[in-house]
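# An overview of the molecular structure
Given next are the chains, with one letter for each unit.
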Amino acid sequence: LIRSALKGSQESFRLIVLSYQQIVYAACYGITKNSTDAQDAAQETFIRFHKNMQQFDTSRPLKPWLLTIAMNCSRSLVKKAVINNKLRESAELEEACAKEMPGKELSRQEKHQAIREMVTQLPDSLREICSLFYLAQCTCKEIAGILNISENSVKVGLHRARKKLLENGIGQWRSV
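Computed from a predicted model, the values in this text were never measured in an experiment.

Evaluated as defined, the whole model comprises four aromatic pairs. Relative to F49, the ring of F13 has its centre 5.5 Å away and its plane inclined at 15°; by these criteria the two rings are stacked. You can see F13 sitting in helix 2 (residues 10–32) and its partner F49 sitting in helix 3 (residues 35–52), a full 36 residues away along the chain. When its relative accessible area of 17% is taken as the criterion, F13 is described as buried. Taking the centre distance of 6.0 Å and the plane angle of 40° together, the rings of Y25 and Y29 count as tilted. In this pair, Y25 and Y29 both sit in helix 2, four residues apart, roughly one turn of the helix.

This is how it looks when you write it as structure tokens:
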């Protein structure tokens, strides 16, 4: 598909976007902490991908390259929000957890949303690693390449993130 897209096939480019849009969105969501900004960052990711597609080395896998672009777009968006003093604190985690009432079982989707929200509460470095591993389904090796850190640092980060999530109550969602 990438070779065909490089030759100008809009259909191939469309299929690439369809194949990777959920993974890119998940990675963006982990950094931006909200759906609207994640959608903007994901859209910007594919715009940049299209503009810079000719620079892609077809001997390498596409997923890490796209996710590197996604991480950069997400970080830029967050930095702009901080500079413009428009970064808003999210109470979505509290709302998601408050939904659970005695006698009412949360749906699988609600549990996943609560977990995603807990992940957004992690420190930036742990959130990035956790988002790429759990939400974008990257391997430790892929994460190391995307974040330009060692594979061991990724594993240590995942361990710390899991520990922090357990401290914050994610244990109640283990059946998800």
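On we go.
All right, on to the pattern of salt bridges then. As a working rule, side chains carrying opposite charge can pair if their charged atoms are close by. A complete count under the given rule lists five salt bridges for this structure. Across the pair E11 and R14 runs a salt bridge, and its minimum N-O distance is 2.7 Å. Here R14 and E11 lie together in helix 2, a separation of three residues that amounts to about one turn. Across the pair R127 and D124 runs a salt bridge, and its minimum N-O distance is 2.8 Å. Highlighted residues: R127 and D124, both in helix 7 (residues 124–135), separated by three residues, approximately one helical turn. Exposure remark for D124: the relative accessible area of 48% places this residue in the partly exposed category.

Next up on the list: the packing of helix 2 against helix 7. Running from N to C, helix 2 and helix 7 cross one another at 155°; their axes reach a closest spacing of 9 Å. Classified by the angle between their axes, helix 2 and helix 7 sit roughly antiparallel to one another. Along this stretch, helix 2 crosses helix 7, giving a crossing that reads as right-handed. Of helix 7, the residues touching helix 2 (which contributes A26, A27, G30 and I31) are R127, E128, S131, L132 and L135. Of the residues belonging to the contact of helix 2 with helix 7, the class tally is five nonpolar, two polar and two charged.

Rules of the game
- Residues numbered from 1 in each chain as written.
- Predicted model: local features only at pLDDT ≥ 70, side-chain atom pairs only at ≥ 80, totals over all residues.
- Heavy atoms only, no water.
- Phe/Tyr/Trp six-rings, centres within 6.5 Å; stacked < 30°, edge-to-face > 60°.
- Helix = DSSP H or I, 4+ residues; strand = E, 2+ residues; numbered from the N terminus.
- Buried < 20%, exposed > 50% of the residue type's maximum accessible area, 1.4 Å probe, protein only.
- Salt bridge = Lys/Arg side-chain N within 4 Å of Asp/Glu carboxyl O.
- Axes fitted to C-alpha atoms, helices over the stretch in contact; angles between N-to-C directions.
- Parallel < 35°, antiparallel > 145°, perpendicular 65-115°, else oblique.
- Left-handed = near helix turned anticlockwise from the far one by under 90°.
- Contact = heavy atoms within 4.5 Å.
- Nonpolar A, V, L, I, M, F, W, Y, C, P; charged D, E, K, R; others polar.

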